[in-house]
There are 2 protein chains.
Amino acid sequence: MTAIKSSSTIQQNKKTALAMCPVTFTMEKIGSYWKPIIIYHLSEGSKRYSELKKAIPAVTEKMLIQHLKQLETDGLVIREARPVVPPYVTYQLSESGRQLLPVIHAMATWATAHM
Amino acid sequence: MTAIKSSSTIQQNKKTALAMCPVTFTMEKIGSYWKPIIIYHLSEGSKRYSELKKAIPAVTEKMLIQHLKQLETDGLVIREARPVVPPYVTYQLSESGRQLLPVIHAMATWATAHM
DNA sequence: ACAAGTACTTACCCTAAAGTATGTATCATT
DNA sequence: AATGATACATACTTTAGGGTAAGTACTTGT
């Protein structure tokens, strides 16, 4: 987890933008270019960590778990770990995560119309 | 305009993500946290540069024109300059820019439901 | 002569996000 | 005893985005 300097101007601007702009709030949650991809793949249903890795070959492991953790703490995905060896961990969209799908879908339709 | 290193892995990953994921394509166009705000303010209609500046006090001039230029070259906004002094420049959403409004709206509704 | 207004432009710096590489724990299998 | 599989963790480096500050052009008003 990267440490953030809450005193920096960037963070201050983000704060005010967040307070005033709901769109920016959503961007905060899904605004990296890996997160929408992860969410998209989870829209098909629950997936193991290794399945996600296979489904998204370009992502590095660091990025993958980093974003999965963020999505989890943001309440968008649910992590389930079975206490077995080797580990068996699955990720699935939460309710608010699923409610993001219209957003994802709206973006996808716009993109396909304008690529 | 910041020079970008097209050889970097980041850019390579973006390319493959763009080719495969329409959502990422949309993110490329509106994925900074100023762009959605700018688009939102232009959704009310054509605005002068100085009006946008007043409407979004936190944005610096550099960021504002930088993103306006990008939005223009991406075909999302239309710039009109009247050849007068002092300059009179207006910005408005293009057709594809207006078609983004459902996306913005979807994000806003999700945000207000989950803040 | 000089300030003011408008729409930029440019040079420089700082930070957060992303990438690279390597390491860890646990048990089953060979 | 070594290897493989799984799901991470962590130290270090690079890069793109954003911020700061200052300057430009052109004309009108004082």
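Residues numbered from 1 in each chain as written. Chains lettered and ligands numbered in written order. Predicted model: local features only at pLDDT ≥ 70, side-chain atom pairs only at ≥ 80, totals over all residues. Heavy atoms only, no water.

(A) Quick look at the interface of chain A and chain B. Taken together, the contacts link 35 residues of chain A with 35 residues of chain B. With both chains or domains summed, chain A and chain B bury close to 3100 Å², and 81% of this area falls on carbon and sulfur atoms. When the area that chain A buries against chain B is broken down by residue, the three leading residues are Met27(A), Tyr33(A) and Trp110(A), summing to 23%. At the surface where chain A touches chain B, the tally comes to 0 salt bridges. Summed over the shared surface of chain A and chain B, the number is 6 residue pairs in polar contact (both at pLDDT 80 or more). Looking at the side of chain A that touches chain B, the elements that each hand over two or more residues are α1 (9-20), α2 (22-30), α3 (35-42) and α7 (101-114) of chain A. (Contact = heavy atoms within 4.5 Å. Buried area = accessible area lost by both parts, 1.4 Å probe. Salt bridge = Lys/Arg side-chain N within 4 Å of Asp/Glu carboxyl O. Polar contact = N/O pair within 3.5 Å; in protein donor to acceptor, adjacent residues only side chain to side chain. Helix = DSSP H or I, 4+ residues; strand = E, 2+ residues; numbered from the N terminus.)

(B) View of the sheet that holds strand β2 (residues 77-82) of chain A. Residues and elements named next belong to chain A. Taken in spatial order, the 3 strands line up as β1-β3-β2 in an open sheet, and their pairing is antiparallel. Strand pairing shows two members of the sheet lacking a second neighbour, β1 (47-48) and β2, which therefore form its edges. As defined by bridge partners, β2 adjoins strand β3 (residues 88-93) across 6 bridges and the pair is classed as antiparallel. Residue pairing across strands places Ile 78 opposite Gln 92, the latter belonging to β3. Here helix α5 (residues 61-73) sits on the sheet and contacts β2 and β3; the angle it forms with β2, its principal contact strand, is near 110°. (Pairing = 2+ DSSP bridges. Axes fitted to C-alpha atoms, helices over the stretch in contact; angles between N-to-C directions.)

(C) Molecular detail of the pattern of salt bridges. Residues and elements named next belong to chain B. In this structure the tally under the stated criterion is 8 salt bridges over all chains. Taking the shortest distance from any N to any O, the salt bridge between Lys 47 and Glu 44 comes out at 3.1 Å. For Lys 47, a relative accessible area of 15% corresponds to the buried category. Classification of Glu 44 as exposed rests on a relative accessible area of 54%. Arg 98 serves as the salt-bridge partner of Glu 95, at 2.9 Å between the closest nitrogen and oxygen. Of this pair, Glu 95 and Arg 98 both sit in helix α6 (residues 95-98), 3 residues apart, roughly one helical turn. Overall, Arg 98 belongs to the partly exposed group, its relative accessible area being 41%. (Buried < 20%, exposed > 50% of the residue type's maximum accessible area, 1.4 Å probe, protein only.)

(D) Summary view of the sheet that holds strand β3 (residues 88-93) of chain B. Residue and element names in this part refer to chain B. Taken together, 3 strands build an open sheet; the order of strands is β1-β3-β2 and the sheet is antiparallel. In this open sheet, the two strands that pair with only one neighbour each are β1 (47-48) and β2 (77-82). As judged from the 2 bridges shared by β1 and β3, these two strands associate in the antiparallel manner. If you follow Arg 48 over to β3, its bridge partner there is Thr 90. Each of β1, β2 and β3 touches helix α3 (residues 35-42); the most contacted strand, β3, lies at about 95° to it. Contacts between helix α5 (residues 61-73) and the sheet are confined to β2 and β3, with β2 contributing the most and set at about 110° to the helix.

(E) Expanded view of the side chain of Thr90(B). In this fold, Thr90(B) is placed in strand β3. Contacts of Thr90(B), omitting those with residues within four sequence positions, involve Ser46(B), Lys47(B), Arg48(B), Ile78(B), Arg79(B) and Glu80(B).

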